[in-house]
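Residue strings, one per chain:
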Amino acid sequence: MKNTPHNLKKIGSIKELHTFLGLKSPLNPLITIIDHAETVNQSQSPTQKLDLDFYNISIKRSFKGILKYGKNHYDFDNGTMSFIAPNQIISTDSEDDRNRDGWSLLFHPDLIRQYPLGNSIKNYGYFSYSTTEALHLSDEEEKSIEAIVQNIEKEIKARLDTFSQDIIVSNLELLLSYCNRFYGR
């Protein structure tokens, strides 16, 4: 974790992010799922900006507050899915009464580097700064996404074996394919 100019905090690993948010160490150094209700970081200033070295896929329900991504604000209405690529600057306001209902799935590019997804992830346009529309999901769509994320979480918590990473990456690819479908509707 390194402080850089203009109140920008560079976070290079999943472990550093867990420390920053006041969470216990991650089970896997390349991927984590964070329940927003469990984050306890009280040191974030109102103008804190983060530069994360990993992908961030989040669902925020009943989001109150503002998420700035690049020079634009994410359109969140009632809370939905957002996608942030590595090394993009994000910031949030620091409202004390913010609803923390939701989760974030974060993964380092090294997790997918040796897989076809490592090359094809650049084709998922919703990781771009230019896409500031959050993905609004129906109840049924959210259930589909939640089921995949639960599979990933189960694999993260399971004993590591030679198939663990393959299964996690396959589920990530499935998740992103569903998100493509939902953006396309």
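Residues numbered from 1 in each chain as written. Predicted model: local features only at pLDDT ≥ 70, side-chain atom pairs only at ≥ 80, totals over all residues. Heavy atoms only, no water.

Peer 1: Can you help me understand the overall build of the protein chain in this one?
Peer 2: Assigned secondary structure in the protein chain consists of five helices and ten strands. When each of the 185 residues of the protein chain is scored for burial, the buried share is 47%. Considering only intrachain contacts with a sequence separation of at least 6, the fraction spanning at least 24 residues in the protein chain is 72%. Entry remark: accessible area of the protein chain is about 9,900 Å², with carbon and sulfur atoms responsible for 49%. (Helix = DSSP H or I, 4+ residues; strand = E, 2+ residues; numbered from the N terminus. Buried < 20%, exposed > 50% of the residue type's maximum accessible area, 1.4 Å probe, protein only. Contact = heavy atoms within 4.5 Å. Areas by Shrake-Rupley, 256 points an atom, 1.4 Å probe, with all protein chains shown as cover.)

Peer 1: Which parts of the structure should I look at to understand the pairing of strand S5 (residues 55-60)?
Peer 2: Each regular strand shows side chains that alternate between the opposite faces of the sheet. Burial analysis of S5 places six of its six residues in the buried class, which makes it a mostly covered element. Burial along S5 is two-sided: Tyr55, Ile57 and Ile59 facing one way and Asn56, Ser58 and Lys60 facing the other are all buried. As defined by bridge partners, S5 adjoins strand S8 (residues 81-84) across four bridges and the pair is classed as antiparallel. Bridging from a neighbouring strand, isoleucine 59 pairs with methionine 81 of S8. (Pairing = 2+ DSSP bridges.)

Peer 1: Sorry, what's going on with unusual backbone geometry here?
Peer 2: Residues other than glycine predominantly adopt negative phi, and peptide bonds predominantly adopt the trans conformation. For asparagine 87, which is not glycine, the phi torsion reads 60° and is therefore positive. Relative to the elements of secondary structure, asparagine 87 occurs in the loop between S8 and strand S9 (89-92). Relative accessible area serves as the criterion here: at 44%, asparagine 87 is assigned to the partly exposed category.

Peer 1: Quick question: what am I supposed to make of the sheet that holds strand S3 (residues 31-35) here?
Peer 2: Spatial ordering of the open sheet is given by S3-S10-S5-S8, a layout of four strands whose pairing is antiparallel. Single-partner strands in this sheet number two, and they are S3 and S8. Across the sheet, the axes of successive neighbouring strands diverge by a mean angle of 15°, strand direction being ignored. The strands touched by helix H1 (residues 14-21) within the sheet are S3 and strand S10 (102-107), with S3 carrying the most contacts at an inclination of about 20°. Along the sheet, helix H4 (residues 139-157) makes contact with S3, S5, S8 and S10, crossing S3 at roughly 120°. (Axes fitted to C-alpha atoms, helices over the stretch in contact; angles between N-to-C directions.)

Peer 1: Looking at this model, I keep getting lost on the nonpolar core. Mind explaining?
Peer 2: A general feature of soluble globular proteins is that nonpolar side chains tend to end up buried together. In terms of nonpolar packing, the biggest core is built from 33 residues, with Met81, Leu105, Phe107, Phe127, Ile145 and Leu172 touching the most fellow members. Listing elements by their share of this core, those giving two or more residues are S3, S5, S8, S10, helix H2 (109-112), H4 and helix H5 (164-184). Formed by 13 residues, the second largest nonpolar core is a distinct cluster that contains Ile11, Leu21, Ile34 and Ile84. (Core = buried A, V, L, I, M, F, W, Y, C linked by side-chain atoms within 4.5 Å.)

Peer 1: Help me understand the layout of surface pockets, please; the structure alone is not making it clear to me.
Peer 2: Remark: the empty space left among the atoms is shown by a probe the size of a water molecule rolled over them. The space that makes up the second largest pocket amounts to roughly 390 Å³. Lining of the second largest pocket is provided by 17 residues; of these, His18, Thr32, Ile33, Glu38 and Glu153 occupy positions nearest its centre. Ranked by the residues each element gives to the lining of the second largest pocket, the list is headed by S3, at five residues. Class assignment for the residues of the lining of the second largest pocket results in eight nonpolar, four polar and five charged. (1 Å grid on protein atoms, 1.4 Å probe; cavity = no way out; pocket = protein on both sides within 12 Å on 5 of 7 lines; lining within 4 Å. Points joined across faces, edges and corners; volume = space filled by probe spheres on them. Nonpolar A, V, L, I, M, F, W, Y, C, P; charged D, E, K, R; others polar.)

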